[in-house]
Structures are given as C-alpha cells and as structure tokens.
Amino acid sequence: GDSVTQMEGPVTLSEEAFLTINCTYTATGYPSLFWYVQYPGEGLQLLLKATKADDKGSNKGFEATYRKETTSFHLEKGSVQVSDSAVYFCALRGYGQNFVFGPGTRLSVLP
Amino acid sequence: GAGVSQSPSNKVTEKGKDVELRCDPISGHTALYWYRQSLGQGLEFLIYFQGNSAPDKSGLPSDRFSAERTGESVSTLTIQRTQQEDSAVYLCASSRRDGPQETQYFGPGTRLLVL
C-alpha cells in the first residue's frame with residue numbers, strides 16, 4: 001500500500017539556519033503531496049501542497065518540489081525562525097484513496 | 001462555521017467507561033475523517049465518511065470503536081469500555097472530495113485521558 005517516510009527527529013536548529021526535512025513516498029500512480037504543520041497545542045494546518053510532478057508548493061517561506069523521479073517531496077526553508085518550531089507531517093493522497101501521513105518530524109528552533 | 005470544530009476539547013474518564021467525541025465539519029464538506037494521534041506519534045487513520053456511501057472503517061483498532069455520521073453533518077466517535085491505551089488526541093478532518101486538489105482541514109482535536 002501507499003506509504004510516507006520522513007526523516008527522524010527531533011531536528012534542532014539555530015535561528016536563521018537552513019532547514020531541510022526529507023520526505024519520500026511509495027504510491028501507485030500520481031499522488032498529490034502535502035506538508036502539514038502542527039504548532040504546539042494546536043491542530044494540523046496545511047502548509048503547502050503539490051498535485052503533479054515538478055510542481056513547487058510554497059507558503060510562509062517554506063518550499064517543496066514534487067520529484068517523481070526520486071519519489072520525494074523534501075521541505076526546505078532558507079532561514080528558520082523560533083516561531084517555526086512545530087511538528088511537520090508529510091502526507092500523500094493517491095487518486096481515489098485516503099490520505100496517508102508520515103510519522104512527523106519535530107523541529108525546534110533556538111534563538 | 002469557519003472551521004472544523006470538535007468537542008469536548010479535553011476528556012478525562014475512568015477505565016471501562018464509554019466516551020463520545022463530536023466533530024462538526026466545515027459546511028459543504030462531503031468527506032469526514034477521524035484520526036488518532038498518540039503522544040509523540042504520527043496520525044493513525046480510524047474511519048472515513050464520504051457523503052451517503054458506506055464508511056471506510058478499515059482503521060478502527062477494535063470493535064470497541066464506532067462512529068456515525070448523518071448525511072454531511074456532525075459525526076460522533078464512540079469508544080466503549082475505554083482502556084488506558086485509548087488515551088490519545090482524536091482528530092477530525094473534513095474536505096471537499098474534489099480529486100487531486102482535495103485538502104483536509106483539521107479540527108483542534110479532543111485530548112482523551114483514560115485513568
């Protein structure tokens with residue numbers, strides 16, 4: 001079945017550092033790909049998405065590019081802030097299928 | 001409403017008691033999902049409703065878990081004879097089932113603690 005693999009956390013960075021959170025997937029066909037973020041004490045929020053190969057999703061300085069050749073959707077941000085501290089979930093949805101979420105990666109940004 | 005709402009926000013219960021969790025989806029969203037998030041873990045799919053179709057119950061961990069939804073409105077998740085391992089945050093999400101553009105919108109969750 002479909003699956004999502006994320007890099008193990010926690011990830012700890014200093015403010016203004018470059019962030020990469022790796023995400024790879026296994027799915028049949030051409031799934032849509034998502035990054036969700038969960039800030040402390042809050043529910044999950046959609047951060048960005050991409051629905052076809054080579055699409056780039058972006059929001060709040062975060063970017064991720066749908067790479068079908070490597071089945072990846074890595075999340076990047078050029079300069080993280082303390083307010084970016086949260087848990088990040090990579091997810092996919094295959095056509096006609098339910099959503100599949102990765103285990104989440106906790107990010108802590110230190111001032 | 002403006003977003004997905006869930007109630008109660010917190011629930012403490014004794015082992016063996018039944019609990020009922022409620023989810024109000026965004027108006028017009030035909031799809032509704034329930035997930036469970038245990039401490040420090042990812043999301044575990046429980047059940048999915050789409051319109052008037054039969055629900056996908058493939059994620060329910062045992063027959064103590066059940067859920068209902070009337071049409072495209074409120075859903076309730078019921079856990080009978082609760083166990084300590086049921087302690088988790090129960091998340092509800094809704095969406096328009098509109099193909100590749102489908103995006104789930106999550107509620108704030110119900111934090112369940114079974115003593």
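Located above this text is the structure these notes cover.
Nothing here was measured: the structure is a model prediction, and the numbers come from that model.

(A) Examining the overall build of chain B more closely. Counting its regular elements, chain B contains zero helices and ten strands. Put simply, chain B shows about 5600 Å² of open surface, and 45% of that area lies on carbon and sulfur atoms. Of the side-chain charges in chain B, 12 are positive and 13 negative, and the distance between the mean point of each set is 3 Å.

(B) Spotlight on the sheet that holds strand β9 (residues 75-77) of chain A. All names here are of chain A. Across the sheet, four strands lie side by side as β3-β9-β8-β7; this open sheet has antiparallel pairing. Bordering the open sheet on either side are β3 (19-21) and β7 (56-59), each of which pairs with just one other strand. Taking each pair of neighbouring strands and ignoring which way they run, the sheet shows an average axis angle of 15°. Here three bridges tie β3 to β9, and the two strands are oriented antiparallel to one another. Residue I21 lies in a different strand from β9, and its bridge partner there is L75.

(C) Just the packing of aromatic side chains, in detail. Applying the stated rule across the entire model yields 14 aromatic pairs over all chains. Ring geometry for Y25 of chain A against Y66 of chain A: centres 6.2 Å apart, planes inclined by 80°, an arrangement best described as edge-to-face. Residue Y25 of chain A is found in strand β4 (residues 23-26), and its partner Y66 of chain A is found in the loop between β8 (62-65) and β9; the two are separated by 41 residues along the sequence. By relative accessible area, Y66 of chain A is classed as buried at 0%. A ring pair is formed by F34 of chain A and Y36 of chain A, whose centres lie 6.2 Å apart and whose planes are at 35°; its orientation type is tilted. Residue classification places F34 of chain A among the buried residues on the basis of a relative accessible area of 0%. Three or more aromatic residues link up through ring pairs in this structure, and these residues are F34, Y36, F99 and F101 of chain A together with Y33, Y35, F45, Y48 and F106 of chain B. Above the plane of the ring of Y30 of chain A lies K68 of chain A, whose end atom (NZ or CZ) is 4.3 Å from the centre.

Calculation notes
Residues numbered from 1 in each chain as written. Chains lettered and ligands numbered in written order. Predicted model: local features only at pLDDT ≥ 70, side-chain atom pairs only at ≥ 80, totals over all residues. Heavy atoms only, no water. Helix = DSSP H or I, 4+ residues; strand = E, 2+ residues; numbered from the N terminus. Areas by Shrake-Rupley, 256 points an atom, 1.4 Å probe, with all protein chains shown as cover. Lys, Arg positive; Asp, Glu negative; His and termini not counted. Charge placed at Lys NZ, Arg CZ, Asp CG, Glu CD. Pairing = 2+ DSSP bridges. Axes fitted to C-alpha atoms, helices over the stretch in contact; angles between N-to-C directions. Phe/Tyr/Trp six-rings, centres within 6.5 Å; stacked < 30°, edge-to-face > 60°. Buried < 20%, exposed > 50% of the residue type's maximum accessible area, 1.4 Å probe, protein only. Lys NZ or Arg CZ within 6 Å of the ring centre and 35° of its normal.

Treat this as a map of the structure, not an account of what it does.
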